[in-house]
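Architecture at a glance
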Amino acid sequence: MDRVFNTVLIISSISATLALLLSIANKTIANYGNKKITINDDKEYIVDGGDSLLSSLIENEIFIPSACGGKGSCGYCKVKVDSGGGQTLPTELGYLTNEDREEGVRLSCQLKVKEDLSISIPEELFNLKQYEYTVNFIKDVTSKIKYLSLNLPEGKEIEFKPGQYIQILVPQYKENDEEIYRAYSIASSPASKNYIELFIGYTGGICTTYIHKYLNAKDKVSIIGPFGDFYYRDGSSEMIMVAIGTGLAPILSILRYMKEHKIDRKATFYFGARTRDDLYALEEINELERALPNFTFVPTLSRPTEKCDWTGDVGRVTNCLEKYLNNIEDKEAYLCGSPRMIDSVVDMLKERGMGEEQIYYDKFE
Ligand code: FES
């Protein structure tokens, strides 16, 4: 009996010692304590060591672009690390160019904060915030595009430039078991600080399926933004605007801004769609034509049917632009839509002598 008692006592003591060692190990090995992140040689943040740089920054309401939610599969969360951070990890290599590596650029979602870090990020990222919107209105504007109007709570406001985009946080839902961010351009004017409007096309992806099949009026939507260097630039040169599909959204934001500020620059908006049913927001664009005497809208259909009863331009938007563009003297371009469309318009404009600094674009599928 004594032998059994002694054995139980020894095993219990060993277990207690192991638990104590484990707890000490957790505190000393896995717990890195507080670490300091210095940003742009200016701002300092004390964070819990051991978390990813991306989540440590989010904790401090500094939002780095990320489309994969920190899984290391989008490559958007690049940050220049000036000191600390250790060696680049194998999981980062596929997203970093040689130039990135030479400059110390890292994927912030992969880098764990195990020591003090000094990093550099663009100043505008400090303006990014997370907002909780409520769906005010959601409706179809074509068979594949939904219009969304989202309201902020009373007293809350968002600042953005006409043409910029936000990222929607898509929650888990029946057909999706992970949270992800997806980017969409704002269609409303920056003057409307309490709400935003979006046009979201259905692609069958996680976010567009959520928006088109599951999102309803009064639902909450978490949004980060604003992002992007595609936005209206002040000036007097003529504007050439080209878009297809939901690329109309940022152009509409720019035109609304121009109307509100009585900016009467010469501007032509070439918009490509397949059939008449794929055209939308026409009523407002026609109203903008009346309000802005130097603005012209040129829609073109690539596949008009008899039912379209179409007497306007026919063909791809690139061909339409080629047909009407006499010269590129004192002009600048704002392009929105698929990479294929944008690449071919950029090539054409460059061939005609337009400099890269006069071409602004936002590519998305
Ligand atoms: S957040 Fe997507 S790779 Fe880092």
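Residues numbered from 1 in each chain as written. Predicted model: local features only at pLDDT ≥ 70, side-chain atom pairs only at ≥ 80, totals over all residues. Heavy atoms only, no water.

**Quick word on helix 5 (residues 206-214)**
Among the residues of helix 5, those classed as buried are Cys207, Thr208, Thr209, Tyr210, Ile211 and His212. Those residues of helix 5 that are buried lie in contact with strand 6 (129-140), strand 7 (145-151), strand 8 (165-170), strand 9 (180-185), strand 10 (195-201) and strand 11 (220-227). (Buried < 20%, exposed > 50% of the residue type's maximum accessible area, 1.4 Å probe, protein only. Helix = DSSP H or I, 4+ residues; strand = E, 2+ residues; numbered from the N terminus. Contact = heavy atoms within 4.5 Å.)

**Notes on the sheet that holds strand 15 (residues 313-314)**
With respect to topology, six strands assemble into an open sheet ordered 15-14-13-12-16-17, the strand pairing being parallel. Two strands close off the open sheet at either side, each with one partner strand: strand 15 and strand 17 (359-363). Taken together, the six bridges between strand 12 (residues 238-244) and strand 16 (residues 331-337) define a ladder with parallel strand orientation. In the sheet register, Val242 faces strand 16, and the bridge partner there is Leu335. Set on the sheet, helix 7 (residues 282-291) makes contact with strand 13 (267-273) and strand 14 (295-301); between it and strand 14 the angle comes to about 145 degrees. (Pairing = 2+ DSSP bridges. Axes fitted to C-alpha atoms, helices over the stretch in contact; angles between N-to-C directions.)

**So, the packing of aromatic side chains**
Inspection of the entire model under this criterion finds 14 aromatic pairs. On the numbers, 4.8 Å between centres and 45 degrees between planes, the contact of Tyr173 with Tyr214 is tilted. Here Tyr214 lies in helix 5 and Tyr173 lies in the loop between strand 8 and strand 9, a separation of 41 residues in the sequence. For the ring pair Tyr270 and Tyr324, a centre distance of 6.4 Å and an interplane angle of 25 degrees mean the geometry is stacked. With Tyr270 in strand 13 and Tyr324 in helix 8 (residues 317-324), this residue pair connects regions lying 54 residues apart in the sequence. (Phe/Tyr/Trp six-rings, centres within 6.5 Å; stacked < 30°, edge-to-face > 60°.)

**Concerning the domain arrangement of the protein**
Each assigned domain of the protein is listed with its residue range as follows: domain 1 (34-125), domain 2 (128-227) and domain 3 (238-363). The C-alpha centroid of domain 3 is placed 24 Å from the C-alpha centroid of domain 2. Contacts between domain 2 and domain 3 engage 17 residues on the former and 16 residues on the latter. Taken together, the two surfaces of domain 2 and domain 3 that pack against each other cover about 1,200 Å², and 64% of this comes from carbon and sulfur. There are one salt bridge connecting domain 2 and domain 3. It is strand 10 that provides the largest number of residues to the side of domain 2 that touches domain 3, a total of four residues. Classifying every residue of the side of domain 2 that touches domain 3 by side-chain character gives ten nonpolar, six polar and one charged. (Domains from an automatic or database assignment. Buried area = accessible area lost by both parts, 1.4 Å probe. Salt bridge = Lys/Arg side-chain N within 4 Å of Asp/Glu carboxyl O. Nonpolar A, V, L, I, M, F, W, Y, C, P; charged D, E, K, R; others polar.)

**Section: the layout of surface pockets**
Of the pockets and cavities examined, the largest pocket occupies roughly 1,600 Å³. In terms of lining residues, the largest pocket is bounded by 50 residues, among which Ile244, Gly245, Ser338, Phe364 and Glu365 are the most central. Of all the secondary structure elements, the ones that give two or more residues to the lining of the largest pocket are strand 8, strand 9, strand 10, helix 5, strand 13, helix 8, helix 9 (339-351) and strand 17. By residue number, the principal contributor to the lining of the largest pocket is strand 9, which donates five residues. Taken together, the residues of the lining of the largest pocket break down into 20 nonpolar, 19 polar and eleven charged. Roughly 910 Å³ of volume is contained in the second largest pocket. If you trace the second largest pocket, you find 31 residues lining it, with Pro65, Leu125, Tyr165, Phe227 and Gly228 closest to the centre. (1 Å grid on protein atoms, 1.4 Å probe; cavity = no way out; pocket = protein on both sides within 12 Å on 5 of 7 lines; lining within 4 Å. Points joined across faces, edges and corners; volume = space filled by probe spheres on them.)

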